[in-house]
Amino acid sequence: MKLKNILAVLIIATIASVISYWCFKINPESINIKTIGQRLEEGDKMGESFNIKIGKTFISEQGKIKIKFADIRSDSRCPLGAQCVWAGQVSIVLNVEYPQGKLENIELTLGAGANDSASIKNIGGYSIRLIYVGPNPRVGMKIEKSDYVASLAVYNLKNLIQD
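Treat the numbers as computed from the prediction; the structure is a model and nothing was measured.

Visitor: Any chance you could explain the nonpolar core here in plain terms?
Guide: Taken as a class, soluble globular proteins show a tendency for nonpolar side chains to be buried jointly. Counting 26 residues, the largest nonpolar core has Ile67, Phe69, Ile92, Leu94, Val96, Ile128 and Leu152 as the members making the most contacts within it. Elements supplying a minimum of two residues to this core: strand 2 (50-53), strand 4 (66-75), strand 5 (89-98), strand 6 (102-111), strand 8 (126-134) and strand 9 (149-156). With five residues, strand 5 is the largest single contributor of residues to this core. Every residue in contact with valine 96, bar those within four places of it in the chain, is listed here: Ile65, Lys66, Ile67, Lys102, Leu103, Glu104, Ile106, Ile123 and Ile128.

Visitor: Please explain the pairing of strand 6 as it appears in this structure.
Guide: Regular strands place their side chains on alternate faces of the sheet. Judged from the 10 bridges that link them, strand 5 and strand 6 form a sheet pairing that is antiparallel. Its bridge partner lying in strand 6, leucine 94 is registered against isoleucine 106. Counting the residues between successive antiparallel strands, the hairpin from strand 5 to strand 6 contains three residues, one of them, glutamine 100, with a positive phi of roughly 70 degrees.

Visitor: In this structure, what is going on with the sheet that holds strand 5? I would like to understand it.
Guide: The pairing of strands in a sheet comes from backbone hydrogen bonds and takes either a parallel or an antiparallel form. Strand order in the open sheet made by the four strands is 3-4-5-6, with antiparallel pairing throughout. Edge positions in the sheet fall to strand 3 (57-59) and strand 6, since each of these pairs with one other strand and no more. Averaged over all pairs of adjacent strands, the angle between their axes in this sheet comes to 25 degrees, without regard to strand direction. Where strand 4 and strand 5 come together, eight bridges link them in antiparallel fashion. Across the sheet, residue lysine 66 finds its bridge partner in strand 5, namely glutamate 97.

What counts, and where the lines are drawn
Residues numbered from 1 in each chain as written. Predicted model: local features only at pLDDT ≥ 70, side-chain atom pairs only at ≥ 80, totals over all residues. Heavy atoms only, no water. Core = buried A, V, L, I, M, F, W, Y, C linked by side-chain atoms within 4.5 Å. Buried < 20%, exposed > 50% of the residue type's maximum accessible area, 1.4 Å probe, protein only. Helix = DSSP H or I, 4+ residues; strand = E, 2+ residues; numbered from the N terminus. Contact = heavy atoms within 4.5 Å. Pairing = 2+ DSSP bridges. Axes fitted to C-alpha atoms, helices over the stretch in contact; angles between N-to-C directions.

If you want it as structure tokens, here you go:
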């Protein structure tokens, strides 16, 4: 009976490792994502993906929405090269300022057990989607907070509504 339990745990661990590998295999260089400093360049459009480093602020074309990558709430992703029972998650905190000067903190999450609603938030007439958080953890590597980069997309919900 104990042997069956051990085999079941090993099978579950193997499946979780495979899922973890595929879930976090995304490489930001393979996605057409722009890295921004303070403002999108002229000609860039809302809805295009972009990278933002922790501590930096995205400002929309007309300055109607400002998004600061404020913090990493948690990062429990399974490091590459490790055998994990669970793939883990990464959660970030954004400070969002939208029309009328309203300021809100939102949390977005990617990873095992996180559904689409955890990676997308609608706020102040905009939809903010978390696509990727890097770098991926690796065995024996400590990620400094200053190294984190989030890939986001921001949509103006008014522009998505079809007449």
